[in-house]
Amino acid sequence: DAGITQSPRHKVTETGTPVTLRCHQTENHRYMYWYRQDPGHGLRLIHYSYGVKDTDKGEVSDGYSVSRSKTEDFLLTLESATSSQTSVYFCAISRTGGTKETQYFGPGTRLLVL
Amino acid sequence: DQQVKQNSPSLSVQEGRISILNCDYTNSMFDYFLWYKKYPAEGPTFLISISSIKDKNEDGRFTVFLNKSAKHLSLHIVPSQPGDSAVYFCAASEGNEKLTFGTGTRLTIIP
């Protein structure tokens, strides 16, 4: 198993509150990704990082921000959570970021926004 | 607009028989395709992949077929085992663009 942990694993929050999800890796991989998984949509890329302090937007980035101050940690922040952000969030890592390279996923964080 | 579609949300197959999971795509520029498998409360794990220059790739019980003219790929699992019960996602990429995932198919293997 790739050394990827996500915290928290479950969270319930209220609309309008800020939420930060953490992804931690022990593999020293350069690329890290945040996805959300929703019924009828599969996995959709929110943001990704290609190095410390280097990030870029994915397909569904509105309402989310990210930060990466250390190789091993990639944070996803919902500045003001909305009910539409209720989802399961997955972090993934890869060594070089090439699309033909396997991405390794964390166990996920289930977020409920009331 | 869903560029990668898995039209069967669920599939049930008898143990020992063949499981066939299907995936259709609309972007003719996709050149690499992957299948991921996901168990409940776990993240997806890579299963098998295929480049657009091939039409078949095999790995043990798993075979992926690619039909570029039909923009269709399928995953065959034979023989199916109870441990194969999971959600399967297909994914595709174009050049160096990021992966586009399908909506998933829940496979249930009946003992």
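Up top is the structure these notes are about.
Residues numbered from 1 in each chain as written. Chains lettered and ligands numbered in written order. Predicted model: local features only at pLDDT ≥ 70, side-chain atom pairs only at ≥ 80, totals over all residues. Heavy atoms only, no water.

Caption draft 1: Focus on a nonpolar patch on the surface. Residue and element names in this part refer to chain A. A surface patch of nonpolar side chains, amounting to about 290 Å² of accessible area, comprises Val-12, Leu-112 and Leu-114. Residue position: Leu-112 is located in strand β11 (residues 109-113). Taking relative accessible area as the criterion, Leu-112 reaches 36% and is therefore assigned partly exposed. (Patch = residues over 30% accessible without salt bridge, like charges linked within 9 Å, V, L, I, M, F, W, Y side chains within 5 Å. Areas by Shrake-Rupley, 256 points an atom, 1.4 Å probe, with all protein chains shown as cover. Salt bridge = Lys/Arg side-chain N within 4 Å of Asp/Glu carboxyl O. Helix = DSSP H or I, 4+ residues; strand = E, 2+ residues; numbered from the N terminus. Buried < 20%, exposed > 50% of the residue type's maximum accessible area, 1.4 Å probe, protein only.)

Caption draft 2: Up close: the environment of Cys91(A). Residue and element names in this part refer to chain A. By the element assignment, Cys-91 lies in strand β9 (residues 87-94). Under the relative-accessibility criterion, Cys-91 is labelled buried at 0%. The spatial distance from the C-alpha of Cys-91 to the C-alpha of Asp-38 is 15 Å, given a sequence separation of 53 residues. Not counting residues within four places of it along the chain, the set of residues in contact with Cys-91 comprises Ile-4, Gln-6, Cys-23, Met-32, Tyr-33, Trp-34, Tyr-104, Phe-105 and Gly-106. (Contact = heavy atoms within 4.5 Å.)

Caption draft 3: Region of interest: the interface of chain B and chain A. Taken together, the 20 residues of chain B in the interface contact 20 residues of chain A. The contact between chain B and chain A buries some 1,600 Å² in all, and 60% of this surface belongs to carbon and sulfur atoms. When residues of chain B are sorted by the area they lose upon contact with chain A, Pro44(B), Lys98(B) and Phe101(B) head the list and together hold 34% of the total. Inspection of the region where chain B meets chain A yields zero salt bridges. The tally of links between chain B and chain A comes to three residue pairs in polar contact (both at pLDDT 80 or more). Elements supplying a minimum of two residues to the side of chain B that touches chain A: β4 (32-38) and β9 (86-93) of chain B. Looking at which element gives the most residues to the side of chain B that touches chain A, the answer is β4(B), with three residues. (Buried area = accessible area lost by both parts, 1.4 Å probe. Polar contact = N/O pair within 3.5 Å; in protein donor to acceptor, adjacent residues only side chain to side chain.)

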